[in-house]
Amino acid sequence: NKKLRRKGVPGCHTSAQIRLIYESQAGLCYYCSAQLLGTYQIDHMVPVARGGTNWPSNLCCACGDCNQAKRTMTASVASWAATCEKVSIIGDSEA
């Protein structure tokens, strides 16, 4: 949060909001639906590098494998799924 604020990225979130995101995903990875069991990474669905914000509406909980494979791609890009063996279906390709 603090690092992104220094970079001028709009938005902020609280730990309570992150807990709500985790609960709304039923403790599953946003991308591959693996059980997170309380161990997860916060992912920016539209990466900050591509103009994404730090608001809760742009955040999801992801397993480390999916988050690392996604890198700076948007959540709608399917091409990164090939690098994450657990992912079978990711949304439509980005236009």
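Up top is the structure these notes are about.
Every value quoted in this text rests on a predicted model; they were computed, and no experiment measured them.

(A) Seen up close, the nonpolar core. Counting residues in each nonpolar core, the largest one holds 15 residues, and the members touching the most others are Cys29, Tyr31, Leu36, Cys63 and Cys66. Elements with a minimum of two residues in this core: helix 2 (15–24) and strand 2 (59–62). If you tally residues by element for this core, the top one is strand 2, at four residues. Not counting the four nearest positions on each side in its chain, Leu36 is found in contact with Tyr22, Gly27, Leu28, Cys29, Cys61, Ala62 and Cys63.

(B) Highlighting the packing of aromatic side chains. Within the structure shown, the criterion is met by two aromatic pairs. Where Tyr30 meets Tyr31, the ring centres are 5.0 Å apart and the plane angle is 85°; that geometry is what we call edge-to-face. Taking the relative accessible area as the measure of exposure, Tyr30 reaches 43% and is therefore partly exposed.

(C) Structural view of the side chain of Asn58. Turning to its location among the elements, Asn58 is positioned in the loop between strand 1 (41–44) and strand 2. Residue classification places Asn58 among the buried residues on the basis of a relative accessible area of 8%. Here the side chain of Asn58 touches Val46 through a polar contact of 2.9 Å, landing on its backbone nitrogen. In contact with Asn58, other than residues within four places in its own chain, are Asp43, His44, Met45, Val46, Gly52 and Thr53.

Quick notes on the rules
- Residues numbered from 1 in each chain as written.
- Predicted model: local features only at pLDDT ≥ 70, side-chain atom pairs only at ≥ 80, totals over all residues.
- Heavy atoms only, no water.
- Core = buried A, V, L, I, M, F, W, Y, C linked by side-chain atoms within 4.5 Å.
- Buried < 20%, exposed > 50% of the residue type's maximum accessible area, 1.4 Å probe, protein only.
- Helix = DSSP H or I, 4+ residues; strand = E, 2+ residues; numbered from the N terminus.
- Contact = heavy atoms within 4.5 Å.
- Phe/Tyr/Trp six-rings, centres within 6.5 Å; stacked < 30°, edge-to-face > 60°.
- Polar contact = N/O pair within 3.5 Å; in protein donor to acceptor, adjacent residues only side chain to side chain.

Interpretation note: all reported values are geometric properties and have no functional meaning in isolation.
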